[in-house]
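Here is how the chains run, residue by residue.
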Amino acid sequence: MTANYTEHWEKWWKGSNVRLVNFMAKDNIPFHTVVFPSTLIGANDGYICLNDISSTGFMVRLFIEYLNYDNQKFSKSRGIGIFGNDAMNTTIKSDVYRLYLLANRPETHDTSFSWDDLQIRNDGEFIASIGNFVNRALSLLHTKFNGEIRKIELSDDECSVVTQIDKSLDDYINAMKSYKFREAYAHICHIAHHGNRYFQQMEPWVVKGREEKVITALIFSANIVALLSLILEPFAPEICGQIRQDIKLEPEKCVIPPGFVKLLTDGTIINKPPIYFPKIKPEYIKSLKISSVKRTKLLQNEFYKENPVKIIFKFPHLTDYFNRSYLHCLTFEQYDFW
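Residue indices follow the written sequence of each chain, beginning from 1 at its first position. For a predicted model such as this one, the threshold for reporting local features is a pLDDT of at least 70, and the threshold for listing and counting side-chain atom pairs is 80 or more; totals across whole chains, interfaces and linings nevertheless cover every residue. With hydrogens and water excluded, all non-hydrogen atoms of the structure serve as input to the side-chain values.

Colleague: What is the right way to look at the packing of helix α6 (residues 115–145) against helix α9 (residues 211–231) in this model?
Modeller: Axes are the key here: two packed helices are described by the angle between their axes and the distance separating the axes. Across the interface, α6 lies against α9 with an axial gap of 9 Å and an inter-helix angle of 140°. Comparing the axis directions of α6 and α9 gives the class oblique. Crossing geometry of α6 relative to α9 is assigned as left-handed. Here F133, V134, A137, L138, L140, L141 and F145 of α6 come into contact with α9, specifically with E211, V214, I215, L218, I219, S221, A222, I224, V225 and L228. Polarity classes work like this: nonpolar for Ala, Val, Leu, Ile, Met, Phe, Trp, Tyr, Cys and Pro, charged for Asp, Glu, Lys and Arg, and polar for all others, with Gly in that last group. Residues of the contact of α6 with α9, tallied by class, amount to 15 nonpolar, one polar and one charged. For helices, the fitted axis covers only the stretch in contact; all axes are lines through C-alpha atoms, and the angles between them, taken along N-to-C directions, range from 0 to 180 degrees. Helix and strand assignments come from DSSP, with helices taken as H or I runs of at least 4 residues and strands as E runs of at least 2, each series counted from the N terminus. Each angle is binned into one of four classes, with values under 35 degrees roughly parallel, values over 145 roughly antiparallel, values of 65 to 115 roughly perpendicular, and all other values oblique. The handedness criterion is simple: a crossing whose near helix is rotated anticlockwise from the far helix by less than a right angle is left-handed, and one whose near helix is rotated clockwise is right-handed. Any two residues whose heavy atoms approach within 4.5 Å at even a single point are treated as in contact.

Laid out in structure tokens, this is it:
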């Protein structure tokens with residue numbers, strides 16, 4: 001696969017500075033921890049082997065659990081679940097799926113994909129916690145002060161928020177290093193919460209007589225947005241890329257800092273922000289659920305036509321009557337499912 005992706009595939013599989021980490025569900029663990037590494041060692045051709053595998057506890061679980069679909073196991077042949085081609089045929093952004101799946105990652109127990117839950121978390125969590133803060137901060141800065149980033153002096157209010165964000169950022173970095181993505185996402189939400197609470201307290205929509213305080217609040221908030229665009233990148237890369245483009249974050253600053261620092265350059269004029277996290281209408285989710293049910297029924301009918309169900313009856317006392325083994329198999333085709 002890597003060789004099809006790039007002609008420099010050996011840099012990935014034979015490089016001295018490569019760290020190989022696998023993210024596997026529990027049924028794939030034996031192959032990727034024993035069988036495949038043994039094959040690479042046996043080849044004796046300089047291949048690197050597994051350094052780490054995504055885990056949720058030291059010597060407790062060396063694997064992640066299953067992601068189900070409405071509490072059923074995913075099955076492409078039976079049409080149970082949502083797959084890449086299905087997601088592409090919807091109007092929902094790929095980042096929304098990605099963010100939902102990582103925030104709902106089955107790290108300590110099985111979790112389930114649900115259309116209703118996707119809509120609820122998008123509108124009530126992704127938008128309410130992160131999206132609203134990003135749009136409000138950037139929109140007000142653009143409306144009130146033409147989007148200009150200026151030099152500001154931090155007061156005790158801002159310094160207190162810096163301390164809170166530094167703690168959450170440190171927790172985020174540690175969670176990411178431990179492959180605890182759900183926990184990392186929670187810390188992203190904490191940082192957005194710190195920004196939201198500060199924004200509400202400062203009331204930057206009231207400008208008259210307090211312009212200096214308002215411009216400080218808006219530029220400080222815009223820098224929180226810049227930080228969010230960096231730490232949310234693994235979860236929603238397209239949205240974060242758009243945010244960084246709109247705030248004109250310089251490439252050399254597109255690295256997660258060890259603490260909350262000033263990221264935006266004085267004199268920069270940010271763009272008017274679009275809606276980064278659009279809402280998903282319940283009616284649209286309902287239509288997707290109906291389409292999913294119809295597809296599942298169709299594929300299940302096809303599956304059972306090609307793979308007839310065999311019902312085995314064991315009647316030892318009727319062996320002579322059937323004049324064969326006491327295992328008598330009946331085959332039937334099922335055409336509809338409730």
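There is more to say, and it comes next.
Colleague: Looking at this model, I keep getting lost on the nonpolar core. Mind explaining?
Modeller: We define a nonpolar core as any set of buried Ala, Val, Leu, Ile, Met, Phe, Trp, Tyr and Cys residues linked to one another through side-chain atoms lying within 4.5 Å. Relative accessibility thresholds used throughout: buried, under 20% of the residue-type maximum; exposed, over 50%; partly exposed, between the two (1.4 Å probe, protein chains only). Among the nonpolar cores identified, the biggest contains 75 residues, and W115 and F235 are the most heavily contacted of them. Looking at this core, the elements with two or more residues in it are α5 (94–103), α6, α7 (156–177), α8 (181–202), α9, α10 (237–247) and α11 (282–306). Counting residues per element, this core draws most heavily on α9, at 14 residues. For F235, the residues in contact, after removing those within four places along its chain, are D95, R98, L99, L102, Y172, M176, F181, A184, Y185 and I188.

Colleague: Looking at this model, I keep getting lost on unusual backbone geometry. Mind explaining?
Modeller: Excluding glycine, most residues fall at negative phi; most peptide bonds, likewise, are trans. Residues other than glycine seldom take positive phi values, yet N44 does so here, at roughly 50°. Considering the arrangement of structural elements, one finds N44 in the loop between α3 (29–43) and β2 (52–53). You can call N44 exposed: its relative accessible area is 68%. For Y179, which is not glycine, the phi dihedral falls at a positive 65°. Owing to a relative accessible area of 12%, Y179 belongs among the buried residues under this scheme.

Colleague: When you look at α8 in this model, what are you seeing that I'm missing?
Modeller: One full turn of an α-helix is made of 3.6 residues, so residues set three or four places apart face in the same direction. The span one expects for a helix is its residue count, reduced by one, times 1.5 Å. Counted at 1.5 Å a residue, the expected span for α8 with its 22 residues is 32 Å, and the 32 Å between its end C-alpha atoms agrees. With its phi angle positive at about 45°, E203 sits one or two positions after the end of α8.

Colleague: Even after reading the chapter, I still don't get the pattern of salt bridges, so can you show me in this structure?
Modeller: It is possible for side chains of opposite charge to pair when their charged atoms get near one another. For salt bridges, the criterion is a side-chain nitrogen of Lys or Arg within 4 Å of an Asp or Glu carboxyl oxygen. For the coordinates displayed, the defined rule picks out 11 salt bridges. Among the salt bridges present, the one from D52 reaches R19, with a minimum N-O distance of 3.8 Å. Taken together, the positions of D52 in strand β2 and R19 in the loop between α2 (10–13) and β1 (21–22) put the pair 33 residues apart, joining distant regions of the chain. By relative accessible area, R19 is classed as exposed at 54%. A cluster of three or more residues bridged by salt bridges with shared partners is formed by E10, K14 and D45.

Colleague: Would you mind showing me how to read the packing of aromatic side chains here?
Modeller: Aromatic ring pairs are described here by two measures, namely the spacing of the ring centres and the angle between the planes. Between the rings of Phe, Tyr and Trp (Trp by its six-membered ring), a pair exists once the centres lie within 6.5 Å; its type follows the angle of the planes, with under 30 degrees stacked, over 60 edge-to-face, and the other angles tilted. Evaluation of the coordinates by the stated rule reveals 11 aromatic pairs. With centroids separated by 5.4 Å and ring planes inclined at 85°, the aromatic side chains of Y100 and F113 adopt a geometry described as edge-to-face. Placement of Y100 in helix α5 and of F113 in strand β4 (residues 111–113) is noted, with a sequence separation of 13 residues between them. Across the pair, F113 and Y100 agree in class, each one buried. Seen in terms of ring centroids, F126 and Y185 are 6.1 Å apart; in terms of plane orientation they differ by 90°. Their pairing is edge-to-face. Remark: Y185 occurs in helix α8 and F126 occurs in helix α6; sequence separation between them is 59 residues. Take F126: its relative accessible area is 0%, and that puts it in the buried class. Every member of this aromatic cluster is reached through a ring pair, and the members are Y97, Y100, F113 and W115. Ring-over charges, as used throughout, are those where CZ of Arg or NZ of Lys falls within 6 Å of the ring centre and within 35 degrees of the ring normal. Sitting over the ring of Y47, K14 keeps its end group 4.9 Å from the ring centre.

Colleague: So what exactly am I meant to see when it comes to the side chain of Q119 here?
Modeller: With respect to the helices and strands, the residue Q119 is situated in helix α6. Residue classification places Q119 among the buried positions, given a relative accessible area of 14%. Polar contacts involving the side chain of Q119 include one to the main-chain carbonyl oxygen of I280, which spans 3.2 Å. The residues touching Q119, leaving out its near neighbours within four places in the chain, are I280, P282 and I285. Nitrogen and oxygen atoms within 3.5 Å of one another constitute a polar contact, given that in protein one can donate a hydrogen and the other can accept it, and given that sequence-neighbouring residues count only through two side-chain atoms.

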